[in-house]
Amino acid sequence: MTKSTASALALVFGLGLAMAAGPLWAADPTPAPSAAPVAAAPAPVPDTAKILTPQMPVQVKAAIEKSLADPQQAKKTQEAVAQGAQKRGERPGFLGIPGAPDPSLVFGFLWAVWVGWIFSTVGAFGGVMAGVGHMSVFGLGEYASTFGKGHPVNKFLTDSIRVSNQWLVGLSSIITSYNYHKMGRLVLPLALCLAVGSVAGAYLIPELTAGKVSFKQYQGWFGLCVLLLGCIIFYETTPKGQLSKKKAKEAADIFEQQRKQAGGASCKLETTQGAFGPFYLSLALVVLGAIIGSLGKGWFAGSNYVAYVLVGLGALLGLVVGFSERGRIAFCFGSIEFKFQAGIPVVGGLAIAALSAFLGVGGGFLYVPFLTSVAGLPMFLVAGTSALAVLVSMTTSIGSFMVGQGVGVEWGFIGMELVGVFVGSMIGPRTSKYIPDIWLKRLFVVLALYVGVGYFLRGFFDIRLPGV
Amino acid sequence: MTELGGEGASWLAWLDAGLIAPYRWLHDPVWAWWAGTLVLAGWATLLGGLTSSLARRANRAHLAGLEREMADRNAQAMAALAAGDKPAYKALNKDANEAFGKLFFLKAAMGAASLWPAFLAVAWLQSRFEGLAIPAPFTPWGIGYAPGFLICYLIVRLSIYWLKKLLLTKAQV
């Protein structure tokens, strides 16, 4: 067995152990079981006043008070809190809810080290692992489900998990966008078009789905996307998928010679065709709508509808102009002219931002492949612009969820996860030389397929696979 | 101000004595809050800067390798395109994509080194000032602890950035 194979197997074993033990990691001071088996006593119904704790953020209090106002939901709230208290004691856990899981900061840190390791070795999939941590490893998803479908606290916890995923993934783009800006590699027309679509998608999804998605639904959709990602990575490990790498290796030698002969000629970026005015207007409408919708709630009656109209109009303008003759953008880079239809990045920005706002993952690695495959643009030019698009869409989405919809997060937990991600980023580069790329991809195919199928079945069909 | 509480806040309680001290420097409670939060933002920025430098130093060689691979593949892709070889261009561009993806996420993970103290600072502020509307100076508005910290954090980071730029310019002259 080679060193690389052994490393890969060790990682799979470690992860399997981690996922199997995951639900045990929450710091739960459960009472010791009695010697003689007795019939399970029904959980005592907690006093309503004890459900609202001083540590509870105001948004969580509001969700619980909303549930207590409805007799059916009030019963569910009391049962879920009582169940949690019976399992974990009455002390406040996640988001100050009595009996809720209290994810151990140490194990949150360790899981985040794993996420950071993935970020720094594989590239993609880190956000997915962060989501798996929030949903399964720390037991938050399971806990959200105990409140039942349609319950305000179930939906609040689901939204909190979504936003926590986005903080971990979206923060990344702040640093990289700044670096690309310094290098002067942001393509303005492309940035405008992406921004129109991504701001619209990142604003509308939280507005339309916050407080409306139960945990099971979210888990099912998350699983489906992870499954698709697993299939894409699987294709890349097949002989057909590896063909492109072979071609690239052969072509690299040929064109490396040509590049050296051409010398280090500086390449200038210059736009030669395209109308920007409509896109500036489109972006202004979308941004104004998002600001009014998120920050301006209560400024005036009907501010929500004004926001929807502005965002809708801005996106529509971007699409109409984008697919018209005026939407043909051309720019020169060095001696090569590139052309693209502006409507394509508008649609792409909309779809990708909507997906990443809904799931909390997927924005980082989708923009560049989309632009290079669909619009045929070189990676060098789209990379910086895509990083900016991720920053814009994540900021809009997080703002829309937290400011517009009042969703809360556990700041300390995210902070500890960031420490773990940073530590993982230091370990990753040191281990990557021992593990070939193809083995990393195979490892993640296995994980993606298992997690994807598990979440899909659990979310939509209530069939449980071990560990997820 | 609310009392600290909960098992998860035990580490916050340990730091509380040091973190609350700047909030008691001024007599006026509003100015005291803003002054204390500016100091807190300063500590978060300093600590983030230290760990970020550590991350950059530790990964310098690996980052340089990935950047070189990405730049090489991209340049080769452009040469292929200039030569009219579209299949080669697509294959090389895809390789450049992969290198970019690894670089992007490595930098993302390293970026966490700069930002983690800010989140822990907000967690402490949540334990102390949850539910309070802090008056924004010279305005009739009250804002929460998180937006207040964000404002102070941006002020501190931008100030340090401009100060560094000024000192570097003077050093070059």
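What you see is a predicted model; the values in this text were computed from it and never measured.

Overview of the overall build of chain B
Tallying secondary structure elements over chain B gives 5 helices and 2 strands in all. For chain B, the C-alpha radius of gyration of 23 Å lies well beyond 16 Å, the compact-globule estimate for 173 residues. With the principal axes as the frame, chain B shows a C-alpha extent of 70 × 50 × 35 Å. Looking at chain B residue by residue over its 173 residues, the buried ones come to 43%. The contacts in chain B between residues at least 6 apart in sequence include a share of 63% that link residues at least 24 apart.

Brief notes about the overall build of chain A
The secondary structure content of chain A amounts to 19 helices and 3 strands. Residues classed as buried in chain A amount to 53% of the 468 residues present. Long-range pairs, those at least 24 residues apart, make up 80% of the contacts in chain A between residues at least 6 apart in sequence.

Notes on the packing of helix α18 (residues 411-432) of chain A against helix α4 (residues 86-129) of chain B
Interaxial distance between α18 of chain A and α4 of chain B falls to 7 Å at its minimum, and their mutual angle equals 155 degrees. The pairing of α18 of chain A with α4 of chain B is recorded here as roughly antiparallel in orientation. In the crossing of α18 of chain A with α4 of chain B, the sense of the turn from one axis to the other is left-handed. In contact with Trp 411, Gly 412, Ile 414, Gly 415, Leu 418, Val 419, Val 421, Phe 422, Gly 424 and Ser 425 of chain A of α18 of chain A, α4 of chain B contributes Leu 106, Ala 109, Met 110, Ala 112, Ala 113, Leu 115, Trp 116, Phe 119, Leu 120, Val 122, Ala 123 and Gln 126 of chain B. Considering only residue class, the contact of α18 of chain A with α4 of chain B consists of 17 nonpolar, 5 polar and no charged.

Quick word on the nonpolar core
Val 196, Val 199, Val 286 and Phe 422 of chain A together with Leu 92 and Phe 119 of chain B are the most contacted members of the largest nonpolar core, which totals 184 residues. Sorting elements by how many residues they give to this core places α4 of chain B first, with 27 residues. Among residues more than four places away in sequence, those in contact with Leu 92 of chain B are Ala 248, Ala 251 and Ala 252 of chain A together with Arg 73, Gln 76, Ala 77 and Ala 80 of chain B.

Re the confidence of the model for chain A
Low-confidence regions, as indicated by low pLDDT, have predicted coordinates that should not be scrutinised in detail. All names here are of chain A. Summarising the model, chain A shows a mean pLDDT of 76, and 79% of its residues fall at 70 or more. Mean pLDDT values for the elements of chain A range from 43 in helix α1 (residues 3-21) up to 90 in helix α14 (residues 303-322). Residue range residues 1-39 is modelled with pLDDT below 50. Its contacts to residues more than four positions away, or to other chains, number 39 contacts.

As for the environment of Ala 118 of chain B
Residue and element names in this part refer to chain B. With respect to the helices and strands, the residue Ala 118 is situated in helix α4. You can call Ala 118 buried: it has 24 C-beta atoms within 10 Å. Here the alpha-carbon distance between Ala 118 and Ala 41, two residues 77 residues apart in the chain, equals 7.2 Å. For Ala 118, the contacting residues outside a window of four places in its chain are Ala 44, Gly 48 and Tyr 153.

Concerning the environment of Thr 385 of chain A
Note on placement: Thr 385 of chain A falls in helix α17 (residues 379-404). Residues Thr 385 of chain A and Leu 192 of chain A lie 193 residues apart in sequence; the distance between their C-alpha atoms is 9.4 Å.

What counts and how
- Residues numbered from 1 in each chain as written.
- Chains lettered and ligands numbered in written order.
- Predicted model: local features only at pLDDT ≥ 70, side-chain atom pairs only at ≥ 80, totals over all residues.
- Helix = DSSP H or I, 4+ residues; strand = E, 2+ residues; numbered from the N terminus.
- Rg over C-alpha atoms; globule rule 2.2 N^0.38 Å.
- Buried ≥ 20, exposed ≤ 12 C-beta atoms within 10 Å, placed from the backbone.
- Contact = placed C-beta atoms within 7 Å.
- Axes fitted to C-alpha atoms, helices over the stretch in contact; angles between N-to-C directions.
- Parallel < 35°, antiparallel > 145°, perpendicular 65-115°, else oblique.
- Left-handed = near helix turned anticlockwise from the far one by under 90°.
- Nonpolar A, V, L, I, M, F, W, Y, C, P; charged D, E, K, R; others polar.
- Core = buried A, V, L, I, M, F, W, Y, C linked by C-beta atoms within 7 Å.
- pLDDT = per-residue confidence, 0-100.

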